[in-house]
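Coordinates in review
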Amino acid sequence: MNHSIQNVIETRTSVNHFQPGRPLEDGVIEFLISQATKAPSAYNLQNWRFIAVRTPDAKSRLKSAAYGQQKIVDASVAFIICGTLEAYSQLACALQPSMDAQIMEPRMVDGWVTQATATHQGNLVLQRDEAVRSASLAAMTLMLAAQGMGLGSCAMSGFDAQQVSRTFDLDATELPVMIVTVGYAADDNWPQKPRRALTEVLSIV
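Residues numbered from 1 in each chain as written. Predicted model: local features only at pLDDT ≥ 70, side-chain atom pairs only at ≥ 80, totals over all residues. Heavy atoms only, no water.

Some remarks on the overall build of the protein
In plain terms, the rule: Under the DSSP-based scheme used, a helix requires at least four consecutive residues in state H or I and a strand at least two consecutive residues in state E, with every element numbered from the N terminus. Only C-alpha atoms enter the radius of gyration, while the globule expectation follows 2.2 Å times N to the 0.38, with N the number of residues. Buried residues are those whose accessible area, probed at 1.4 Å on protein chains only, stays under 20% of the maximum for their type, while exposed residues exceed 50% and partly exposed ones sit between those limits. Where accessible areas are quoted, they stem from the Shrake-Rupley method and a 1.4 Å probe; at the residue level, only the protein chains shown are allowed to cover.
Helices and strands together make up the secondary structure of the protein, namely nine helices and four strands. The C-alpha atoms of the protein give 19 Å as radius of gyration, which agrees with the globular expectation for 205 residues (17 Å, within 12%). Each principal axis of the C-alpha distribution contributes one length, and for the protein these read about 55 × 45 × 35 Å. Counting the 205 residues in the protein, one finds 39% classified as buried. Summing over all exposed atoms, the protein offers an accessible surface of approximately 11,600 Å²; the carbon and sulfur share of this is 54%.

Written as structure tokens, this is what we have:
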């Protein structure tokens, strides 16, 4: 199987039907999330958290919050992708490994923390925008990683965010942005649907 990034992108589909009863090992789940955390985020905030929903009880509760969509139950795992608010407050800790690796100098880290605090503190719209951006980039990276491993995935926005937050005890600063189901695709899924022509969506200036 060709796992080049171009092939992964061109063969990825939104899987609506999974083979039930095929769990993923902890190591696979951890690998997928390790790949997801390679996604970019502003200031390297890494303002995300992932909940891997895979037990029958947890899947049932998530299915209820996702308007009864069966793929929550049939998929090997359903990831709740959360973006975190107030992420600027932990930016120094997030950047410490970059200083330890001598990628960034302390003066640069201090500058980033100062700038992020000045622009994000008290700006709930910007915090939310960044949380959604970061979680979405992480979700796409997760789906491409899954495709590269021969697994199917589906990004889901159809869920009651408040119910998800209550059911899974999310912190007030954690925003459930997306659910990504991952597992083994059944045979009756659609192929990748054609996209709009580049002439409709691309401007080169």
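Having put the structure on the table, let's press on.
A word on helix α2 (residues 26-36)
What counts here: The reported arc concerns the directions from the helix axis to the C-beta atoms and nothing else. Contacts are assigned to residue pairs that have any heavy atoms within 4.5 Å of one another.
Regarding α2, the residues found buried are Ile29, Leu32, Ile33 and Ala36. One face of α2 carries all of its buried residues, which in axial projection span an arc of 95°. Structurally, α2 contributes buried residues whose contacts are with β1 (48-53), β2 (77-84), α7 (124-148) and β4 (174-183).

What to know about the packing of aromatic side chains
Heads up, the condition is: Paired rings are identified among Phe, Tyr and Trp, the last through its six-membered ring, by centres lying within 6.5 Å, and are further divided according to the angle between planes into stacked (under 30 degrees), edge-to-face (over 60) and tilted (the rest). Our definition puts a charge over a ring when NZ of Lys or CZ of Arg is within 6 Å of the ring centre and also within 35 degrees of the ring normal.
This model, assessed by the stated rule, comprises two aromatic pairs. Arranged with centres 6.1 Å apart and planes meeting at 75°, the rings of Tyr43 and Trp112 form a pair that is edge-to-face. Here the residue Tyr43 occupies a position in the loop between α2 and β1, and Trp112 occupies one in helix α6 (residues 106-120), the gap between them amounting to 69 residues. Consider the rings of Trp48 and Phe50, whose centres lie 6.4 Å apart with planes at 40°: the pair is tilted. With relative accessibility at 10%, the residue Trp48 sits in the buried group. Geometry around Tyr184 places Arg22 over its ring, the cationic atom sitting 3.6 Å from the centre. Over the ring of Phe168 we find Arg61; its NZ or CZ atom is 5.1 Å from the centre of that ring.

With respect to the side chain of Thr84
The topology assignment puts Thr84 in strand β2. Assessed through its relative accessible area of 17%, Thr84 is described here as buried. The residues contacting Thr84, other than those within four sequence positions of it, are Asn47, Trp48, Ala131, Thr173 and Glu174.

A look at the packing of helix α5 (residues 91-100) against α6
To keep things clear, this is the line we draw: Convention adopted: a line fitted to C-alpha atoms gives each axis, helices being fitted over their contacting stretch, and angles between N-to-C directions are expressed from 0 to 180 degrees. An angle below 35 degrees is treated as roughly parallel, one above 145 as roughly antiparallel, one from 65 to 115 as roughly perpendicular, and anything else as oblique. For a crossing to be left-handed, the near helix must be turned anticlockwise from the far one by less than a right angle; the clockwise case is right-handed.
Where α5 contacts α6, the axes come no closer than 10 Å and their chain directions differ by 160°. In terms of orientation, α5 and α6 fall into the roughly antiparallel class. The interaxial crossing formed by α5 with α6 has right-handed handedness. Contacts from Leu91, Ala92, Leu95 and Met99 of α5 reach α6 at Pro106, Val109, Trp112, Val113 and Ala116.

So, the nonpolar core
For clarity, the threshold we go by: Here, nonpolar core refers to any group of buried Ala, Val, Leu, Ile, Met, Phe, Trp, Tyr and Cys residues whose side-chain atoms link them within 4.5 Å.
Ranked by internal contacts, the top residues of the largest apolar core, which has 25 residues, are Leu32, Phe79, Ile81, Leu142, Val180 and Val182. Listed by contribution, the elements that provide at least two residues to this core are α2, β1, β2, α7 and β4. Take this core: its biggest share by element is eight residues, from α7. Contact partners of Phe79, with chain neighbours within four places excluded, come to Ile29, Leu32, Ile33, Ile51, Ala52, Leu142, Met178, Ile179, Val180 and Val182. Among the nonpolar cores identified, the runner-up in size contains 17 residues, and Ala66, Ala78, Met156 and Phe159 belong to it.

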